[in-house]
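# A look at the structure
These are the residues of each chain, in order.
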Amino acid sequence: LCRLNTLTPDAAPPAAPTAVLSFEWLDAAGAHFGTDGLPDFGDRRAEAAAALAGDVVAPLADRGTIRVRGPDADAFLQGQLSNDIRELTPTRGQLSSYSNPKGRVLAIFASIRVGDAIWMETSRSLLASTLKRLKMFVLRSKLTLEDAGADVISIGVAGPNADQVLAAAGLLVPSVLCLCAEVDGIVIMRRRGPQNRYTLHGPATRMAALWPQLSAHARPVGTEAWRLTDILAGFPALHPETAEQHVAQMMNLDKLDGVSFSKGCYPGQEIVARLHYLGNLKRRMFIARTDADNVSRGAAIVAGGSEGQAVGDVLDHALHPDGGRALLVVLQTAQADSDDLRIGAVDGPATRLVR
């Protein structure tokens, strides 16, 4: 029964047009949209420094939301995702992953329950392909899956005084990791991190009205600056270059409470359970730094003296205010103490693990 989701993409119905994620209202707030399509406010390195030291508010334009609703929504997702959907409540969010039958993760979700729907935030670059694949397995289940598009967007708020920033905007402040609160259609979720971090989820019109209230008490920063705080918190995100490469535990999703080992079957569950119970996991995710400015997701990590043999890869990266980039890397645990790790080749840029 655990050998699920073995259909090929050729069997999928035509995908519905992807809704447009709208952050046009940021133009009036002084945002620029870089060559990567992500908004910033003119100085990405200064914004990265602010994200590590001060109170910031960021448009999460690299994130999108899949909205699921219907009488069979919970049962359907219970058979697809790595976490126990029965533990998702209006006041408790959840991290989970979606994998292929070989246990390789296709997408990572931060999910919240809103009214009669479940909102699953994920990487915008993977949303369309993930949605298409999920729809392949709906069959006769009574539910709808859709790209929420501009109906639901996300904003991040972080910093030592982030609680006061939210309170000044009339929002509730969840006190526990993954705890959620709703105010006038906006859901606030507390996120993992060394400083106070929250994500707000709601309609674009409400978010546009809320932005001036937040930016009056926190510095506006770009999407990449927020991603830096995710990386330093050890929170992974997948992209097309890194999807279907790693089992959930290799990205520490088990340590982040993103995997249930008692819920029952879902795609890839056999592989995930075997790694958990037999204890033969040989790769883990680590935070790292490099002085290089140009890094590619999916680039190999090579150990010195290995004659170019890859011992890991770059999962994600973001500009660091001290120069170079902060990285999330998936690495052979046997190489965790190596003092000679390179990106791309044995003569490539050096990288070092932070922890």
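Look up: the structure comes first, before these words.
Since we're looking at a predicted model, the values are computed, not measured.

## A closer look at the overall build of the protein chain
Assigned secondary structure in the protein chain consists of 7 helices and 19 strands. Relative to the globule expectation of 20 Å for 355 residues, the C-alpha radius of gyration of the protein chain, 20 Å, shows essentially globular dimensions. Projected onto the principal axes, the alpha-carbon positions of the protein chain cover approximately 55 × 50 × 35 Å. Put simply, the protein chain has 355 residues, and 56% of those count as buried. If you sum the accessible surface of the protein chain, you get close to 14,900 Å²; carbon and sulfur atoms cover 51% of it. Side chains of the protein chain give 36 positive and 38 negative charges; the mean places of these two sets differ by 6 Å.

## Remarks on the sheet that holds strand 12 (residues 197–202)
Here we have 6 strands laid out as an open sheet, ordered 10-11-12-9-3-13, and mixed in their pairing. At either margin of the open sheet sits one strand with a lone partner, and together these are strand 10 (180–183) and strand 13 (219–220). The sheet contact formed by strand 3 (residues 56–59) and strand 13 spans 2 bridges and is parallel. What sits directly across from Val56, in strand 13, is Arg219. Across the face of the sheet, helix 6 (residues 223–232) comes into contact with strand 3, strand 9 (153–158) and strand 12 while running at roughly 130 degrees to strand 12.

## Overview of the environment of His246
Turning to its location among the elements, His246 is positioned in the loop between helix 6 and helix 7 (269–278). C-alpha of His246 to C-alpha of Ala300: the two residues are 54 residues apart in sequence and 14 Å apart in space. When residues no more than four places from it in sequence are discounted, the contact partners of His246 are Gly103, Arg104, Val105, Met251, Asp313, Leu315 and Val330. Polar contacts involving the side chain of His246 include one to the side chain of Asp313, which spans 3.0 Å.

## Examining the pairing of strand 3
Judged by which residues are buried, strand 3 turns out to be covered on both faces: Val56 and Ala58 on one side and Val57 and Pro59 on the other are all buried. The sheet contact formed by strand 3 and strand 9 spans 4 bridges and is antiparallel. Note that in strand 9 the partner of Val57 across the bridge is Val157.

## Observations regarding the packing of aromatic side chains
What characterises a pair of aromatic rings is the spacing of the ring centres plus the angle enclosed by the ring planes. With the rule as written, the count across this model stands at 4 aromatic pairs. An angle of 75 degrees between the planes, with centres 6.4 Å apart, marks the rings of Phe261 and Tyr277 as edge-to-face. On the criterion of sequence distance, the pair formed by Phe261 in the loop between helix 6 and helix 7 and Tyr277 in helix 7 is long-range, its members being 16 residues apart. Overall, Tyr277 belongs to the exposed group, its relative accessible area being 57%. Through a chain of ring-to-ring contacts, the aromatic side chains of Phe23, Trp25, Phe41 and Trp211 assemble into a single cluster. Between Arg191 and the ring centre of Phe235, over which it is positioned, the NZ or CZ distance is 5.3 Å.

## A short note on helix 5 (residues 204–215)
Its 12 residues place the ends of helix 5 16 Å apart at the C-alpha level, agreeing with the 16 Å of an ideal helix rising 1.5 Å per residue. Those residues of helix 5 lying buried are Ala204, Met207, Leu210, Trp211 and Leu214. An end-on view of helix 5 places all buried positions within 130 degrees of arc, on one side of the element. Residues of helix 5 that are buried make contact with strand 3, strand 9, helix 4 (162–168), strand 11 (186–191), strand 12 and strand 13.

## Focus on the sheet that holds strand 6 (residues 105–114)
Spatial ordering of the open sheet is given by 5-6-7-4-8, a layout of 5 strands whose pairing is antiparallel. Both outer strands of the open sheet, strand 5 (94–99) and strand 8 (144–147), are each paired with one neighbouring strand and no more. Direction aside, neighbouring strands of the sheet carry axes that sit 30 degrees apart on average. When strand 4 (residues 63–69) meets strand 8, the two strands line up antiparallel, connected through 4 bridges. Note on strand 8: the bridge partner recorded for Arg69 is Thr144. In this fold helix 3 (residues 124–135) packs onto strand 4, strand 5, strand 6, strand 7 (117–123) and strand 8, with an angle of close to 25 degrees to the strand it touches most, strand 4.

## A closer look at the pattern of salt bridges
Under the counting rule described, the total for this entry stands at 20 salt bridges. Residue Arg227 is joined to Asp230 by a salt bridge in which the shortest nitrogen-to-oxygen separation is 2.8 Å. Placement of both Arg227 and Asp230 in helix 6 is noted, with a separation of 3 residues, approximately one turn of the helix. The class for Arg227 is buried, based on a relative accessible area of 7%. Residue Asp316 pairs with Arg297 through a salt bridge whose shortest N-O separation is 2.8 Å. Of this pair, Asp316 sits in strand 16 (residues 310–319) while Arg297 sits in the loop between strand 14 (283–290) and strand 15 (300–303), placing them 19 residues apart in sequence.

## What to know about helix 3
Taking 1.5 Å per residue, 12 residues should reach 16 Å; helix 3 reaches 17 Å between its end C-alpha atoms and fits that length. Looking at the packing, one finds that the buried side of helix 3 touches strand 4, helix 2 (73–78), strand 5, strand 6, strand 7 and strand 8.

## Quick notes on the environment of Ala53
As for its position among the elements, Ala53 is in helix 1 (residues 44–53). In the structure, Ala53 is positioned 107 residues away from Pro160 in sequence and 8.0 Å away in space, judged by C-alpha atoms.

Reading the values: rules and limits
Residues numbered from 1 in each chain as written. Predicted model: local features only at pLDDT ≥ 70, side-chain atom pairs only at ≥ 80, totals over all residues. Heavy atoms only, no water. Helix = DSSP H or I, 4+ residues; strand = E, 2+ residues; numbered from the N terminus. Rg over C-alpha atoms; globule rule 2.2 N^0.38 Å. Buried < 20%, exposed > 50% of the residue type's maximum accessible area, 1.4 Å probe, protein only. Areas by Shrake-Rupley, 256 points an atom, 1.4 Å probe, with all protein chains shown as cover. Lys, Arg positive; Asp, Glu negative; His and termini not counted. Charge placed at Lys NZ, Arg CZ, Asp CG, Glu CD. Pairing = 2+ DSSP bridges. Contact = heavy atoms within 4.5 Å. Axes fitted to C-alpha atoms, helices over the stretch in contact; angles between N-to-C directions. Polar contact = N/O pair within 3.5 Å; in protein donor to acceptor, adjacent residues only side chain to side chain. Phe/Tyr/Trp six-rings, centres within 6.5 Å; stacked < 30°, edge-to-face > 60°. Lys NZ or Arg CZ within 6 Å of the ring centre and 35° of its normal. Expected span 1.5 Å × (residues − 1). Arc of directions from axis to C-beta. Salt bridge = Lys/Arg side-chain N within 4 Å of Asp/Glu carboxyl O.

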